Amino acid sequence: MSYYPIHTIPDYYFIDDLLTDEHKLIRQSVREWVDSFVMPKIDDAAQHHKDIPNLMKELGKIGALGPYIPEEYGGAGLDQISYGLIMQELERGDSAVRSAASVQSSLVMFPINEFGSEEQKKKYLPHLASGEMIGAFGLTEPNHGSDPGSMETHFKDMGDHYLLNGAKMWITNAPLCNIAVVWAKGEDGKVRGLIVERGMEGFTTPETINKWSLRASKTGELVFRDVKIPKENILPNVIGLKGPLSCLNSARYGISWGVIGAAIDCYCTAVQYSKERIQFGKPIASYQLQQKKLAEFLTEITKAQLLCWRLGTLKNEHRATPAQISLAKRNNVKMAIDIARESRQILGGMGIMGEFPMMRHAANLESVITYEGTHDVHLLITGNDITGINAF
Ligand code: TGC
Ligand code: FAD
């Protein structure tokens, strides 16, 4: 259960009036699931650096894997606002839970649905939607993070199969994955997507340990040593860096919504605590300094909610540009990490404890502000959009 009553979750500008009954129903059901399934387990999982048992199958059951994938492939066929609301509710629980759902949905199911063959869609999507199969997305490499176009992972055409060599690093769910969508260069230097399956000889997934962030999520490497990839495992319908970057548009959009959930969890906890905690004979909520913080949190959350609602509407109309998505990802993650850090102070010493979510969210958001394009990379994308000059 959340520490605060669920009805205190803010909707200061009546954004609910802009949602359909279906949107509100979806949000309510994911909200309740997070309270009953995630909240009781998340501190233990994060403290002990372990994932929540059965998470993917449970996410599959509530329809959080591939919500916008067509129903014929096991998705829910929902719109982009629904996807955003689901991400928001999941990240109110923990960024690791949203990460699990967004990698599976936007980075694994999305490319198979957009760029895959009919056989690939039928073979993988229903199992990914149910959470029986876990996917990973391999773009980042040890020597190439912000600059994926310089990737070294490559494959050769051997006639009846491809031979894949290289390594990917910082990969969410690598140690757990059944399949990985891996981006690699062919002999012509062009980037292609390959579906690599666990069990293929020469494919290993060592875990990255000792993280201080996203501790309830498994991260690892994808290592390929002469891995034979059947020819039918290449994604046939995309060539070039725009393949992986299109997936990132979808995942970055989900993050823009998701982090509002983390900010809401911190804000609602701080409001509740500040009304209960008495110092100098009065609740600390009665002091102007604390009210200033709470007023600023609510202002920033409301602005972020409006930004996401509008972006979701543009996405539904296929009008959202990658640069608009970058602006929202950058703004909203910074908003959330600032609220997590500042709200922790409202709890004083209690703010460092696992019973309250602020330290966990703040630590998680250090990853979120780095992955899917760092804060500075998104600034450069906006700068490029304004000036037409690439400053990378
Ligand atoms: P550039 O020359 O600008 O572009 C190369 C080609 O890509 C196209 N493009 C896009 N297409 C679709 N969507 C976008 N957002 C696109 N951005 C660029 C572009 O039009 C061009 O196409 P074409 O046909 O002309 O070839 O690329 P560049 O080499 O200068 O690099 C800039 C870029 C875009 C790569 C950089 O700005 C960037 O975004 N770097 C960040 C890398 C990143 O975000 N990595 C994320 C890895 S995945 C991850 O973090 C998952 S976390 C999972 C979790 O939630 O747990
Ligand atoms: P670098 O690119 O080395 O950047 C270091 C610093 O330099 C940053 O501050 C950056 O902003 C700055 N910088 C870089 N270029 C410029 C420039 N031109 N101008 C000014 N400053 C610049 N990747 C995947 O492919 N799949 C995943 O599932 C995945 N999951 C992740 C999970 C976690 C927990 C983390 C932490 C990362 C994950 N990533 C994943 C990788 C993530 O996308 C990269 O960490 C991120 O893109 C940054 O790359 P880097 O770490 O190599 O940093």
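Residues numbered from 1 in each chain as written. Chains lettered and ligands numbered in written order. Predicted model: local features only at pLDDT ≥ 70, side-chain atom pairs only at ≥ 80, totals over all residues. Heavy atoms only, no water.

Turning our attention to the UniProt feature "domain: Acyl-CoA dehydrogenase/oxidase C-terminal" (unreviewed entry) in the protein. This chain's UniProt record puts "domain: Acyl-CoA dehydrogenase/oxidase C-terminal" (unreviewed entry) on residues 244-383. For residues 244-383, the helix share is 76%, the strand share is 3%, and the end-to-end C-alpha distance is 22 Å. (UniProt positions renumbered as here; feature names shortened; annotations may be inferred. Helix = DSSP H or I, 4+ residues; strand = E, 2+ residues; numbered from the N terminus.)

Okay, the site of ligand 1 next. Close to ligand 1 lie 26 residues; Ser 99, Thr 172, Asn 249, Arg 252 and Glu 372 are nearest. Ser 99 places a polar side-chain atom, nitrogen or oxygen, 2.6 Å from an oxygen atom of ligand 1. Contact between ligand 1 and Asn 249: a nitrogen atom at 2.8 Å from a side-chain N or O atom of the residue. Calculation on ligand 1 without its partners gives an accessible area of 1,100 Å², and the protein chains cover 70% of this total. Contributions of two or more residues to the shell around ligand 1 are made by helix H4 (95-115), helix H6 (242-276) and helix H10 (375-387). Tallying contributions element by element places H6 first for the shell around ligand 1, with six residues. Of the residues in the shell around ligand 1, the class split is 12 nonpolar, 10 polar and four charged. (Near = heavy atom within 4 Å. Polar contact = N/O pair within 3.5 Å; in protein donor to acceptor, adjacent residues only side chain to side chain. Areas by Shrake-Rupley, 256 points an atom, 1.4 Å probe, with all protein chains shown as cover. Nonpolar A, V, L, I, M, F, W, Y, C, P; charged D, E, K, R; others polar.)

Let us look at the pairing of strand S5 (residues 191-197). Most of S5 is tucked away: six of the seven residues are buried. Here seven bridges tie strand S4 (residues 179-185) to S5, and the two strands are oriented antiparallel to one another. Its bridge partner being in S5, Val 182 is matched across the sheet by Leu 194. Linking S4 to S5, which pair antiparallel, is a turn of five residues; within it Gly 189 sits at a positive phi near 80°. (Buried < 20%, exposed > 50% of the residue type's maximum accessible area, 1.4 Å probe, protein only. Pairing = 2+ DSSP bridges.)

All right, on to the pattern of salt bridges then. Counted under the stated rule, the structure contains 19 salt bridges. For the salt bridge of Asp 94 with Arg 360, the shortest nitrogen-to-oxygen distance reads 2.6 Å. Here Asp 94, found in the loop between helix H3 (80-93) and H4, pairs with Arg 360, found in helix H9 (residues 358-368); they are 266 residues apart in sequence, far enough to count as distant. Assigned by exposure class, Asp 94 and Arg 360 land together as buried. Shared partners join several salt bridges into a network, and the residues in it are Arg 31, Asp 35, Glu 89 and Arg 92. (Salt bridge = Lys/Arg side-chain N within 4 Å of Asp/Glu carboxyl O.)

With that settled, the discussion passes to the domain arrangement of the protein. The domain boundaries assigned to the protein delineate domain 1 (15-135), domain 2 (136-241) and domain 3 (242-387). Using C-alpha coordinates to define each centre, domain 1 is positioned 20 Å away from domain 3. Taken together, the contact pairs 29 residues of domain 1 with 32 residues of domain 3. With both sides pooled, the region where domain 1 packs onto domain 3 buries about 2,400 Å², and carbon together with sulfur makes up 63% of that total. Three residues, Ile 15, Gln 80 and Gln 88, lead the burial of domain 1 against domain 3; their summed loss comes to 22% of the area buried on that side. In this structure, the connection of domain 1 to domain 3 is made through one salt bridge. Of all the secondary structure elements, the ones that give two or more residues to the side of domain 1 that touches domain 3 are helix H1 (21-47), H3 and H4. Top element by residues in the side of domain 1 that touches domain 3 is H3. It accounts for 10 residues. (Domains from an automatic or database assignment. Contact = heavy atoms within 4.5 Å. Buried area = accessible area lost by both parts, 1.4 Å probe.)

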